[in-house]
Amino acid sequence: QVQLEESGGGLVQAGGSLRLSCTASGSIISISSMGWYRQGPGNQRELVARITTGSSPNYADSVKGRCTISRDNAKNTMYMQLLNLKPDDAAVYYCKVLCVPVGDKWLREYWGQGTRVTVSS
């Protein structure tokens, strides 16, 4: 069983910054990718940033230049820093991990429970 623990988020002033982290634990053979998605009110869930083993990070156009995603493979932990927050950044942020669990041969998708980010003007 794979569990994801998210931390960070909360209330941030417009123009401020936030740091989210996500740790995958459990019986994992390998992690292919880790990413952050977000869902604002009335919106579909969208990719914010993703880091895939052996590839450069991907960023949504809306956060390019303001966002940095990184990964500590030894800790199975992903970090995302988002700068210069705007009202449109307010959403519930979800961690998503693609990994091969112990006893499995295929990549499986796991989601965190989400952490809310509120941006005050």
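Placed above this text is the structure.
Bear in mind the structure is a predicted one, so any value in this text is a computation, not a measurement.

A tally of regular secondary structure across the protein gives 0 helices and 11 strands. Overall, the protein shows an N-to-C arrangement of helices and strands of β-β-β-β-β-β-β-β-β-β-β. Radius of gyration (C-alpha) of the protein: 14 Å, near the 14 Å computed for a compact globule of 121 residues. Projected onto the principal axes, the alpha-carbon positions of the protein cover approximately 50 × 25 × 25 Å. Counting all 121 residues of the protein, 40% fall into the buried class. At a minimum sequence separation of 6, the contacts of the protein that also span at least 24 residues come to 55%. As displayed, the protein has an accessible area near 6,800 Å², and 44% of this comes from carbon and sulfur atoms. Charge centroids of the protein, computed over 13 positive and 9 negative side chains, lie 3 Å from each other.

This part takes up the environment of Lys75. Checked against the element boundaries, Lys75 lands in the loop between β7 (67–72) and β8 (77–82). Residue Lys75 is classed as exposed on the basis of its relative accessible area, which comes to 54%.

Once that is clear, we can look at the environment of Arg116. Relative to the elements of secondary structure, Arg116 occurs in strand β11 (residues 115–120). Linking Arg116 and Ser33, residues 83 residues apart in sequence, is a C-alpha distance of 22 Å. Residues within four places of Arg116 in sequence aside, it is in contact with Gly9, Gly10, Ala91 and Val92.

Tallied over the full model, the rule gives 6 salt bridges. Salt bridges sharing partners connect three or more residues here, namely Arg38, Glu46, Arg66 and Asp89.

What follows concerns unusual backbone geometry. Even without glycine at this site, Asn76 takes up a positive phi of about 50 degrees. You will see that Asn84, though not glycine, has its phi angle at about 50 degrees, which is positive. Tracing the chain through its elements places Asn84 in the loop between β8 and β9 (91–101). Judged by relative accessible area, Asn84 falls into the partly exposed class, the value being 42%.

Attention now moves to the packing of aromatic side chains. Following the criterion strictly, the structure yields 1 aromatic pair and no others. Ring centres of Tyr37 and Trp111 lie 5.1 Å apart, and the angle between their planes is 65 degrees; on these two criteria the pair is classed as edge-to-face. Note that Tyr37 is positioned in strand β4 (residues 28–39) and Trp111 in strand β10 (residues 108–111), a separation of 74 residues in sequence. Taking relative accessible area as the criterion, Tyr37 reaches 11% and is therefore assigned buried. Lying over the aromatic face of Tyr94, Arg45 brings its terminal NZ or CZ to 3.7 Å of the ring centre.

What counts and what doesn't
Residues numbered from 1 in each chain as written. Predicted model: local features only at pLDDT ≥ 70, side-chain atom pairs only at ≥ 80, totals over all residues. Heavy atoms only, no water. Helix = DSSP H or I, 4+ residues; strand = E, 2+ residues; numbered from the N terminus. Rg over C-alpha atoms; globule rule 2.2 N^0.38 Å. Buried < 20%, exposed > 50% of the residue type's maximum accessible area, 1.4 Å probe, protein only. Contact = heavy atoms within 4.5 Å. Areas by Shrake-Rupley, 256 points an atom, 1.4 Å probe, with all protein chains shown as cover. Lys, Arg positive; Asp, Glu negative; His and termini not counted. Charge placed at Lys NZ, Arg CZ, Asp CG, Glu CD. Salt bridge = Lys/Arg side-chain N within 4 Å of Asp/Glu carboxyl O. Phe/Tyr/Trp six-rings, centres within 6.5 Å; stacked < 30°, edge-to-face > 60°. Lys NZ or Arg CZ within 6 Å of the ring centre and 35° of its normal.

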